[in-house]
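Observations on chain architecture
So the chains spell out like this:
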Amino acid sequence: MIYVGIDVAKDKHDCFAMNSDGEILIEKLTITNNLDGFETLYNSLMNFSDSLDNIKVGLEATGHYSNNILNFLTEKGFNIYLINPLQTNLYVKGQSLRKTKTDKLDAHVIATMLVSDNLKPYIPVSYHISELKSLTRHRFRLVKENSKFKTSLVRLVDIVFPELPKIVSSVAQKSCLALLYELPSTKDIAECNLTHLTHLLSDNSNKKFDREKALQIRDLARKSIGLNSNSVSFELKQTINIIQFIQEQLDDVEKRIKEILKEINSPILTIPGISFKTAGSILAEIGDISRFDSPAKLLAFAGLDPSMYQSGKFFSTHSVMVKRGSKYLRFALMTAARMVCLNDATFCAFKDRKMAEGKHYMVTMGHVAKKLVRVIYYLLKTNNVYPVSYTHLRAHETKAN
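A brief structural summary. (Residues numbered from 1 in each chain as written. Predicted model: local features only at pLDDT ≥ 70, side-chain atom pairs only at ≥ 80, totals over all residues. Heavy atoms only, no water.)

Right, let's get into the overall build of the protein chain. What the protein chain contains, in helices and strands, is 16 helices and 7 strands. By the compact-globule yardstick of 21 Å for 401 residues, the protein chain is too spread out, its C-alpha radius of gyration being 28 Å. Each principal axis of the C-alpha distribution contributes one length, and for the protein chain these read about 85 × 55 × 50 Å. Within the protein chain, the proportion of its 401 residues that are buried is 42%. Summed over its atoms, the accessible surface of the protein chain is roughly 22300 Å², and 51% of this surface lies on carbon and sulfur atoms. In the protein chain, the 53 positive side-chain charges and the 41 negative ones have mean positions that sit 8 Å from each other. (Helix = DSSP H or I, 4+ residues; strand = E, 2+ residues; numbered from the N terminus. Rg over C-alpha atoms; globule rule 2.2 N^0.38 Å. Buried < 20%, exposed > 50% of the residue type's maximum accessible area, 1.4 Å probe, protein only. Areas by Shrake-Rupley, 256 points an atom, 1.4 Å probe, with all protein chains shown as cover. Lys, Arg positive; Asp, Glu negative; His and termini not counted. Charge placed at Lys NZ, Arg CZ, Asp CG, Glu CD.)

Of all 7 residues in strand S1 (residues 2-8), 7 are buried, a share of seventy percent or more. Linkage of S1 to strand S2 (residues 12-19), two consecutive antiparallel strands, is achieved through a turn of 3 residues. (Pairing = 2+ DSSP bridges.)

Moving on: the pairing of strand S4 (residues 55-60). Most of S4 is tucked away, with 6 of its 6 residues classed as buried. As defined by bridge partners, S1 adjoins S4 across 5 bridges and the pair is classed as parallel. The residue bridging Val 4 from the neighbouring strand is Val 57, located in S4. In terms of strand pairing, S4 meets strand S5 (residues 79-83) through 5 bridges, oriented parallel. Across the sheet, Val 57 pairs through a bridge with Ile 80, a residue of S5. Since S4 and S5 lie parallel, the crossover through helix H2 (residues 67-76) that links them has a hand, and here it is right-handed. (Right-handed = clockwise from strand over helix to strand, strands pointing away.)

On to unusual backbone geometry, then. Omega for the peptide link from Tyr 386 to Pro 387 comes to 5°, which places this bond in the cis form. Along the chain, Pro 387 turns up in the loop between helix H15 (361-382) and helix H16 (390-400). A positive phi is found at Asn 206, a non-glycine position, where the angle reads about 55°. Residue position: Asn 206 is located in the loop between helix H8 (194-203) and helix H9 (211-223). Of the residues examined, Asn 206 reaches a relative accessible area of 73% and is grouped as exposed. Unusually for a residue other than glycine, Asn 383 sits at a positive phi of about 60°. Within the fold, Asn 383 resides in the loop between H15 and H16.

A few words now on the nonpolar core. Counting residues in hydrophobic clusters, the biggest one holds 48 residues, and the most contacted among them are Ile 271, Ile 282, Ile 286 and Ile 376. Counting residues per element, the ones that place at least two in this core are helix H5 (127-160), helix H10 (230-264), helix H11 (276-286), helix H12 (295-301), helix H13 (327-343), helix H14 (345-356) and H15. If you tally residues by element for this core, the top one is H15, at 11 residues. Among all residues touching Ile 271, those that are not within four sequence positions of it are Val 340, Leu 372, Val 375, Ile 376, Leu 379 and Tyr 386. Core analysis: the next-biggest nonpolar cluster, separate from the first, contains 30 residues, Ala 178, Ile 189, Cys 192 and Ile 243 among them. (Core = buried A, V, L, I, M, F, W, Y, C linked by side-chain atoms within 4.5 Å. Contact = heavy atoms within 4.5 Å.)

Let us now look at the side chain of Thr 278. The topology assignment puts Thr 278 in helix H11. By relative accessible area, which is 12% here, Thr 278 ends up buried. Side-chain polar atoms of Thr 278 contact the side chain of Ser 275, separated by 3.3 Å. (Polar contact = N/O pair within 3.5 Å; in protein donor to acceptor, adjacent residues only side chain to side chain.)

Taking 1.5 Å as the rise per residue, H10 with 35 residues should run 51 Å; its terminal C-alpha atoms sit 51 Å apart, in good agreement. Two residues or fewer after H10 comes Asn 265, characterised by a positive phi angle close to 55°. (Expected span 1.5 Å × (residues − 1).)

This brings us to the pattern of salt bridges. If you walk through the whole model with that rule in mind, you get 11 salt bridges. Two residues, Glu 357 and Lys 354, come together in a salt bridge whose shortest N-O distance is 4.0 Å. By relative accessible area, which is 49% here, Glu 357 ends up partly exposed. Each of Lys 120, Asp 293 and Lys 297 takes part in one network of salt bridges that share partners. (Salt bridge = Lys/Arg side-chain N within 4 Å of Asp/Glu carboxyl O.)

Relative orientation and spacing of two packed helices are given, respectively, by the angle between their axes and the distance between those axes. Running from amino to carboxyl end, H14 crosses H15 at an angle of 145°, the nearest separation of the two axes being 9 Å. The hand of the H14/H15 crossing is right-handed. Of the residues in H15, those in contact with Phe 347, Phe 350, Lys 351, Lys 354 and Met 355 of H14 are Tyr 361, Thr 364, Met 365, His 367, Val 368, Lys 371, Leu 372 and Val 375. Counted by class, the contact of H14 with H15 contains 8 nonpolar, 2 polar and 3 charged residues. (Axes fitted to C-alpha atoms, helices over the stretch in contact; angles between N-to-C directions. Left-handed = near helix turned anticlockwise from the far one by under 90°. Nonpolar A, V, L, I, M, F, W, Y, C, P; charged D, E, K, R; others polar.)

The structure is reproduced here in structure tokens:
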């Protein structure tokens, strides 16, 4: 067997190879991050073996830098192992106390780790899951960016029209954005024709805001202590422009996510409270459910498992969430947990029972998320729909463990 370790970087990759006897076949091979470099690696490995079954290739999961070489090796048919960088870091620390880190050493370490049979081979994800992962992570970043600009919007409204947030549910709602974009200062609002102001608010609030609301806003603007500044009003209009643009992008992304999920028709969509957006994130991060032998391993992948500390006679009584797994999956599960509690009686009763035990709300939602993980694992493994028989669920968990 030939073990190949690849240290991935942006512009080049360092490779190391050895055989089962510990003989070094490639001490250091640096390839460029392009097709010529990949072909160089492939030809070099083929010099040592005619069969791909005799070659194990390992590389760290380093985000998008590893995507291209991973796709190339997968298409060639290599046995690939994706390793968590935390594992390689701890492995190096366990081998030496010296603070030495080089690309050559990292490639050697990865190859050495492949000798162990504890690592699971990489399973290529399906086309739909790959598309979902790209779209849901893009949506996650857009939502995060939009939140920043909405925070800026609140700050600017506090300067320009501090009385407005007290009479509307949110300054980021469509009607307020339309109002502040067209009339970005209290002076503009105060001097606006009441009929025009009424139509502006009504047309952008599905007729929710009427003439009375328009009159209330105009009267507040006339008495406002807000600052009338051209530069602040200009910043306010640009901020609203960005928020509206990002929202348009989010609508397009969510539409594509929904289309893919309709094709997949996953059973987790039958769980009350789990929307297309949340289901897309969960499925994208889990990938192939066969990667996980039990719900506990899926829980650990999400970083929702509790930490443990015991030494001698000491046992820690305060365990915090590990948070070392996929932040995208963890966020999606915690979001889903809150929504499922609002839409499903079984989960709601479970939440109420945990709250009655005196647990903090976020601790309670952590327990709900763990319960939800077990249900999701069961549905994906068996392709059943919700609700599930908890007798069958426990039997399935016992068999998995």
